[in-house]
Amino acid sequence: MPRSRNKAPRTGEVSLADATTMGEEFFTDSPYADPRSPEGGRRPPNVPGVSHLAFVALGANLADPQAQLRAAAAALADLPESRLLQVSSLYRTAPVGIRGQPDFINAVAAIRTDLDPQQLLDALFVVERRFGRRREFHHAPRTLDLDLLLYDQRVVDSPRLSVPHPRMHLRAFVLAPLLEIAPLCRIPGRGTAAAWLPAVSRQTIERLE
């Protein structure tokens, strides 16, 4: 497991133990339903009028990042044709790729959406710009970073978008909050998200109150 200091859940927060029994609204008819159920609980992809389950990673290390992520979660609740289901706890992690940056604050959100993957990506970019995000260089410090991690069990490989996110299974700051709210989660082509925890066990991560 990533090194973390687990806290008692805040009021309204779902703990890891609770997340395993969140019930029909979250897991039924999703790729993360009980795999023992008929068809694995999956809905057909890209059927008009059918909501899809997406997971989005949130990260920031500038301009009061904890406040940024809380405000960003509120912004995700206002995405068009979408409904915010759950946001994980906040986690503090060291920056990856470039030294000398402030620590990041990270979280993962679960969203039901009628947008297709490209439309959802565009909507996330709109939120990023609203929070002052500029993509100046790879691994640059940022006021807000929103990454589309998963969209049902779809695999998307285009110049603009790769789903599942190609490095999500190697990042403790993704796996820890993702598994907090979706412990049955599977990554297409890579198996269960939980199976990748040993690969990130040396990455320092702290769950915040």
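Residues numbered from 1 in each chain as written. Predicted model: local features only at pLDDT ≥ 70, side-chain atom pairs only at ≥ 80, totals over all residues. Heavy atoms only, no water.

A. Expanded view of helix α5 (residues 172-181). Among the 10 residues that make up α5, 9 are buried, leaving the element largely enclosed by the rest of the structure. Every buried residue of α5 is accounted for by Ala172, Val174, Leu175, Ala176, Pro177, Leu178, Leu179, Glu180 and Ile181. (Buried < 20%, exposed > 50% of the residue type's maximum accessible area, 1.4 Å probe, protein only. Helix = DSSP H or I, 4+ residues; strand = E, 2+ residues; numbered from the N terminus.)

B. Quick peek at helix α3 (residues 65-76). When the terminal C-alpha atoms of α3 are compared, their 16 Å separation across 12 residues agrees well with the 16 Å that a helix rising 1.5 Å per residue should span. Within the sequence span of α3, burial applies to Pro65, Gln68, Leu69, Ala72, Ala73, Ala75 and Leu76. Buried residues along α3 cover an arc of 155° about the axis, so they all sit on one side. Here the buried face of α3 lies against β1 (52-60), β2 (82-87), β4 (104-113), α4 (117-130) and β5 (145-151). (Expected span 1.5 Å × (residues − 1). Arc of directions from axis to C-beta. Contact = heavy atoms within 4.5 Å.)

C. Summary view of the environment of Ala193. Note that Ala193 resides in the loop between β9 (191-192) and β10 (205-207). As a C-alpha pair, Ala193 and Ala176 span 17 residues in sequence and 9.5 Å in three-dimensional space.

D. View of the side chain of Ser82. On the secondary structure map, Ser82 appears in strand β2. One polar contact links the side chain of Ser82 to the main-chain carbonyl oxygen of Pro80, over a distance of 2.9 Å. Within polar-contact distance, the side chain of Ser82 engages the side chain of Thr113 at 2.7 Å. (Polar contact = N/O pair within 3.5 Å; in protein donor to acceptor, adjacent residues only side chain to side chain.)

E. Up close: the pattern of salt bridges. The final tally for this structure, using the stated rule, is 3 salt bridges. Ionic pairing is found between Arg160 and Asp122, a salt bridge with its closest N-O pair at 2.6 Å. You can see Arg160 sitting in the loop between β6 (156-157) and β7 (162-163) and its partner Asp122 sitting in helix α4, a full 38 residues away along the chain. The exposure class assigned to Arg160 is partly exposed, which follows from its relative accessible area of 45%. With its nearest N and O atoms 3.9 Å apart, the salt bridge here joins Arg207 to Glu180. Placement of the pair is Arg207 in strand β10 and Glu180 in helix α5, with a sequence separation of 27 residues. Each member of the pair, Arg207 as well as Glu180, is classed as buried. (Salt bridge = Lys/Arg side-chain N within 4 Å of Asp/Glu carboxyl O.)

F. Spatial organisation of the pairing of β5. The element β5 is extensively covered by neighbouring structure, given that 6 of its 7 residues are classed as buried. Relative to β5, β1 is paired through 6 bridges, and the arrangement is antiparallel. Note on β5: the bridge partner recorded for Ala54 is Tyr151. (Pairing = 2+ DSSP bridges.)

G. Molecular detail of the nonpolar core. Of all hydrophobic cores here, the largest spans 29 residues; its most connected members are Leu69, Leu76, Leu79, Leu120, Leu124, Leu146 and Leu148. With sequence-adjacent residues up to four places away left out, Leu79 is seen in contact with Ile111, Leu120, Ala123, Leu124 and Val127. (Core = buried A, V, L, I, M, F, W, Y, C linked by side-chain atoms within 4.5 Å.)

H. Highlighting the environment of His52. By secondary structure assignment, the location of His52 is in strand β1. With 65 residues separating them in the primary sequence, His52 and Pro117 have C-alpha atoms 9.5 Å apart. At a separation of 2.6 Å, a polar atom in the side chain of His52 contacts the side chain of Asp152.

I. Molecular detail of the pairing of β1. Of all 9 residues in β1, 9 are buried; the element is thus mostly enclosed. Taking every second residue as pointing to the same face, both faces of β1 are buried, with His52, Ala54, Val56, Leu58 and Ala60 on one and Leu53, Phe55, Ala57 and Gly59 on the other. Here β1 runs beside β4; their pairing, made up of 9 bridges, is antiparallel. If you follow Leu53 over to β4, its bridge partner there is Arg112.

J. Examining unusual backbone geometry more closely. Put simply, Val163 and Pro164 share a cis peptide bond, and its omega is 0°. Note on placement: Pro164 falls in the loop between β7 and α5. One non-glycine residue, Glu81, lies in positive phi territory at about 55°. Locating Glu81 in the fold gives a position in the loop between α3 and β2. A positive phi angle is found at Asp152, which is not glycine, with a value near 50°.

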